[in-house]
Amino acid sequence: MGRLSRRAFALAALSTLTSASGAAAAPRHPRPGHPRRAATEMRGVWLATVSNRDWPSKPGLTAAQQRAELIAHLDRAAADRLNAVFFQVRPTADALWPSPHEPWSQYLTGTQGRNPGWDPLGTAVTEAHKRGLQLHAWFNPYRVANHTDPAKLVPSHPARKHPDWVVPYGGKLYYNPGLPQVRAFVEEAILDAVRKYPVDAVHFDDYFYPYPVAGQTFDDDAAYDRYGGDFVNRGDWRRDNIDKLVRETAAAVKRIRPAAQFGISPFGVWRNLATDPLGSDTRAGVQSYDDNFADTRKWVRKGWIDYLVPQLYWNIGFAAADYAKLLPWWAEQARGSRTRLYLGEALYKAGDPAQPAAWQDPAELSRHLTLARQYRQARGHVFFAAREVASDPIGAMARVVADHYQGPAAPPRRVTGRSAGSGA
């Protein structure tokens, strides 16, 4: 995922996971006397694979070790009465399943393109469903590599076969969203998994156009000159490119697997109020509309997607981006739309000494869920990320479970029918 704070992932062992036996994690016991939550709500966790953030704990483990670690994460989610796992299966233009389009991910074996000897996505779907968990297959659309050397990619990599598709920027390689052939390829690579596996959803994170890097320019001049003639400015053209990706992917997922959902987890601020009178009362340094060229409010208002999970990775009372201000703003955007609203929660900040004082309080996240109860448009929460669900250094997740997840809840399923959005 892509908060600025996520850009330097610290690799850490999953010390609280079970051993290779894959035994189920012990449940956290609820406190008596707290009200039950609704019978249907999202209770999700992101399971990140880029840079071995959550899983596998390191590249090069045996197939049995990888499988045991994956099962332990699913067991932990089930023990905490979560009901969905957002499993990152295409972290860097690669695959965690046998794809005919892209190489096996290097995060499995340490070598891009090397067969790990098993099928992580297929296993994850099967084992998640056994535990009553939805499996949302999480794809990063445009990131190619966390370096800028195409020679480090496996020779068969599409980015090496089509170097004109690739833009180096900020120390990384990206596919150019402005090329129609890139968009068609990205969609086909993703849809291969949808055809092969009974995934419950296709999930995109917040990386569309990359986050701004000071002093650098994303060089899409040639694509803009060729395809941007109908637009007043480059920003509108870039947003249209992302709109097309979203609408085309949504239509294809519905066509191939009608019961599957399509959801997106963008940066938590669409635009600041000072930038746009429709924006939130925030002073965020990043705005998804202007910096990622992702018009996330439009997607909700027009009902193009089944759910949105804005990453509200700030504490209640944080001056530049207050959770207590962003929650009602997003709830208002979801009002009248078919798009469900879930809230992305920064579990990874709990207990981090580099974070504000509020994050040293184990009850901060629980207060988020309590506040969200006041807004009927808020249909659940997704926690970043699985490593912290397992380790829970200050007991913040245990507090959420005790206060809010006493009993099981069914995960929401796909809403059928036409959009009820206003189209604003």
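Residues numbered from 1 in each chain as written. Predicted model: local features only at pLDDT ≥ 70, side-chain atom pairs only at ≥ 80, totals over all residues. Heavy atoms only, no water.

How should I be thinking about the overall build of the chain in this particular structure?
A tally of regular secondary structure across the chain gives 13 helices and 11 strands. For the chain, buried positions account for 60% of its 424 residues. Taking the contacts inside the chain whose residues are at least 6 apart along the sequence as the reference set, 76% of them involve residues at least 24 apart. Just so you have it, the chain exposes about 15,700 Å², and 51% of that area is on carbon and sulfur atoms. (Helix = DSSP H or I, 4+ residues; strand = E, 2+ residues; numbered from the N terminus. Buried < 20%, exposed > 50% of the residue type's maximum accessible area, 1.4 Å probe, protein only. Contact = heavy atoms within 4.5 Å. Areas by Shrake-Rupley, 256 points an atom, 1.4 Å probe, with all protein chains shown as cover.)

Is there a simple way to think about the sheet that holds strand β10 (residues 340–345) in this case?
The strands that make up a sheet are held in pairs by hydrogen bonds between backbone atoms, and each pair lies either parallel or antiparallel. In space, the eight strands of this closed barrel follow the order β1-β2-β3-β7-β8-β9-β10-β11, with parallel pairing throughout. In terms of strand pairing, strand β3 (residues 134–139) meets strand β7 (residues 201–204) through four bridges, oriented parallel. Counterpart to W138 in the pairing with β7 is H203. (Pairing = 2+ DSSP bridges.)

Looking at this structure, how should I read the pattern of salt bridges?
Close approach of charged atoms allows side chains with opposite charge to pair. Under the criterion given, the structure shown has 27 salt bridges. Here D240 makes a salt bridge to K244, at a shortest N to O gap of 3.2 Å. Here the residue D240 and the residue K244 both occupy positions in helix α7 (residues 234–256), the gap between them amounting to four residues, near one helical turn. For K244, a relative accessible area of 34% translates into the label partly exposed. Between D290 and R271 there is a salt bridge whose closest N-O contact spans 2.8 Å. A residue pair is termed long-range when its members are at least 10 positions apart, and D290 in helix α8 (residues 288–292) and R271 in the loop between β8 (261–264) and α8 qualify at 19 residues. D290 gets classed as partly exposed once you look at its relative accessible area, which sits at 23%. (Salt bridge = Lys/Arg side-chain N within 4 Å of Asp/Glu carboxyl O.)

Mind showing me how you'd approach unusual backbone geometry here?
Across the chain, the bulk of peptide bonds are trans and the bulk of non-glycine residues have phi less than zero. In this structure, the amide linkage connecting W55 to the following residue, P56, adopts the cis form with an omega of -20°. Position of P56 relative to the elements: it lies in the loop between β1 (42–47) and α1 (63–79). With an omega of 5°, the peptide bond between F384 and A385 qualifies as cis. Structurally, A385 is set in the loop between β11 (378–384) and α12 (386–391). Of note, the phi angle at R81 is positive, near 60°, even though the residue is not glycine. Topologically, R81 is positioned in the loop between α1 and β2 (84–90). Positive phi outside glycine occurs at A93, with the angle close to 50°.

In this structure, what is going on with the confidence of the model for the chain? I would like to understand it.
One rule of thumb: low pLDDT means the predicted coordinates there are not for detailed reading. Across the chain, pLDDT averages 91, with 89% of residues at or above 70. Overall, residues 2–37 carries pLDDT values under 50, and its contacts beyond four positions in sequence, including any with other chains, amount to 90 contacts. Counting interchain partners and residues more than four positions distant, the pLDDT-below-50 stretch residues 418–424 has 16 contacts. (pLDDT = per-residue confidence, 0-100.)

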